[in-house]
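Next come the chains, spelled out residue by residue.
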Amino acid sequence: MKHLLDTDSLTKDWTERLFKKAAIFKKEIILTHRQGEHLKGLHAGLLFFEPSTRTKASFHMAASMLGADPVTVEVAFSSIQKGESLEDTVMTLDAMGCHFLIIRHGEDQAAAAAAKVARQAHVVNAGDGAHEHPTQALLDAFTILEKGKKFEDLTILFLGDVLHSRVTNSNLSLLKTLGVRKILASGPANLMMPEVERSRHGIKYLAQLDDALSQADVIYVLRPQKERHAEEARIVMAQYRQSWGLTSERVAKSVKKDALIFHPGPMNIGLEIDRDIADGPHSCVLDQVANGLAIRMAVLDTLHQDC
Ligand code: CP
């Protein structure tokens, strides 16, 4: 595989090999603070057209911990501000010899557009519009496994702004490939994936949040992605928390004792999730973040090894 653009194209076998490699990197490099040399002499271009904390920093660290040099293009101070296109920027970094181009962009299919013009570099989609965020889904599935869960047995609930969520899109394909059979969604009707899409993915929509929470083994909380909302979808914060927020009272009342709570970040504390739930015993939020580093190391090394 030359590029990582989406999760549709990932097989169970490829994913399981990636997880094995991520577990080894975690044990032998991350937790022991050793320096890897797997990608020594290579350069990893980081092209982030949208804000990011977790994805950008962890790809930077992943490249560096395997011996590659991260090359961060500060988009706000780059020639993109003079009108240079994504494609020309990609071709420029590719011509300089960047071995990887890790791209976040506000447009759907931006990573695929980059992959079309990259002659040598491996393109990694670090989130494109409302389309896909494949490394997020990989780190989520890795974290579910690490928590001792079996995909075949799980009911997974996506809660919140499913309509605009590239994280949900990437998770849906990957989780089905890995064997998940029961997927639920709950959240405001105007932020829900259309019925035709839900039935294509086999998702059951539950308008009663407490009903959905009581069935879920993994509750995947999504923030309202205001940057992708049309004006008419604007939400009233107090109403949102009251109707759809994962509050302490709701968790105490409806959530299974051994349920896992996931959030891709960034979180809006007090809106879609309460502070004590984000920090509480069900929460896997920081495990997700920590595993992002191991997964991104494994992605870079696997793309390099595969070609
Ligand atoms: N989950 C995620 O993509 O977070 P960042 O926007 O901080 O990278």
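Residues numbered from 1 in each chain as written. Predicted model: local features only at pLDDT ≥ 70, side-chain atom pairs only at ≥ 80, totals over all residues. Heavy atoms only, no water.

Draft legend 1. Main features of the sheet that holds strand β2 (residues 69-73). Spatial ordering of the open sheet is given by β2-β1-β3-β4, a layout of four strands whose pairing is parallel. Both edges of this open sheet fall to β2 and β4 (122-128), since each of them pairs with a single strand only. When the angles between neighbouring strand axes are averaged without regard to direction, this sheet yields 20°. Helix α12 (residues 285-306) rests against β3 (100-105) and β4 of the sheet, and its axis sits at about 145° to β4. (Pairing = 2+ DSSP bridges. Helix = DSSP H or I, 4+ residues; strand = E, 2+ residues; numbered from the N terminus. Axes fitted to C-alpha atoms, helices over the stretch in contact; angles between N-to-C directions. Contact = heavy atoms within 4.5 Å.)

Draft legend 2. Spatial organisation of the environment of Val71. Structurally, Val71 is set in strand β2. For the pair Val71 and Ala44, spaced 27 residues apart in the sequence, the C-alpha separation amounts to 5.8 Å. The contacts of Val71, once residues within four sequence positions are left out, are His43, Ala44, Gly45, Leu46 and Cys98.

Draft legend 3. Looking closely at the site of the ligand. As a matter of local geometry, the ligand sits amid Ser52, Thr53, Arg54, Thr55, Arg104, His133, Gln136, Pro264 and Gly265. Ser52 is positioned with one of its side-chain polar atoms (N or O) 2.6 Å from an oxygen atom of the ligand. Contacts to the ligand include Arg54, whose backbone N or O atom sits 3.0 Å from an oxygen atom. In isolation the ligand offers 260 Å² of accessible surface; the protein chains occlude 93% of this area. Grouping the amino acids of the shell around the ligand by side-chain chemistry returns one nonpolar, six polar and two charged. (Near = heavy atom within 4 Å. Polar contact = N/O pair within 3.5 Å; in protein donor to acceptor, adjacent residues only side chain to side chain. Areas by Shrake-Rupley, 256 points an atom, 1.4 Å probe, with all protein chains shown as cover. Nonpolar A, V, L, I, M, F, W, Y, C, P; charged D, E, K, R; others polar.)

Draft legend 4. The arrangement of the environment of Leu86 in detail. In this structure, Leu86 sits in helix α3 (residues 86-96). Leu86 sits in the buried class, given a relative accessible area of 12%. Between the C-alpha atoms of Leu86 and Asp306, which are 220 residues apart in sequence, the distance is 26 Å. If we skip the residues at most four places from it in the chain, Leu86 touches Phe49, Ile103, His105 and Ala110. (Buried < 20%, exposed > 50% of the residue type's maximum accessible area, 1.4 Å probe, protein only.)

Draft legend 5. A look at the pattern of salt bridges. Using the criterion set out here, one finds 14 salt bridges in the structure. Residue Lys12 pairs with Glu16 through a salt bridge whose shortest N-O separation is 3.9 Å. Of this pair, Lys12 and Glu16 are both found in helix α1 (residues 12-30), four residues apart, which corresponds to roughly one turn of the helix. A salt bridge links Glu197 to Arg200, with the shortest nitrogen-to-oxygen separation between them at 3.0 Å. Taken together, the residues Glu197 and Arg200, both in helix α7 (residues 195-201) and three residues apart, mark about one turn of the helix. Residue Glu197 is classed as partly exposed on the basis of its relative accessible area of 26%. A relative accessible area of 56% means that Arg200 is categorised as exposed. (Salt bridge = Lys/Arg side-chain N within 4 Å of Asp/Glu carboxyl O.)

Draft legend 6. Structural view of the pairing of β3. Counted residue by residue, β3 has six buried out of six residues, so it is predominantly covered. In this sheet, β3 lies alongside strand β1 (residues 43-48) in parallel orientation, the contact comprising five bridges. The partner of Gly45 across the bridge, within β3, is Leu101. As paired strands, β3 and β4 are joined by five bridges and run parallel to one another. Bridged to Phe100 within β4 is His122.

Draft legend 7. Representation of the packing of α3 against helix α4 (residues 110-117) in the model. It is the contact of α3 with α4, at a shortest axis distance of 9 Å, that shows an interaxial angle of 50°. Classed by the angle they form, the pair α3 and α4 counts as oblique. Crossing of α3 over α4 shows right-handed handedness. Facing α3, whose interface residues are Leu86, Glu87, Val90 and Met91, α4 presents Ala110, Ala113, Ala114 and Val117. Residue composition of the contact of α3 with α4, grouped by class: seven nonpolar, no polar and one charged. (Parallel < 35°, antiparallel > 145°, perpendicular 65-115°, else oblique. Left-handed = near helix turned anticlockwise from the far one by under 90°.)

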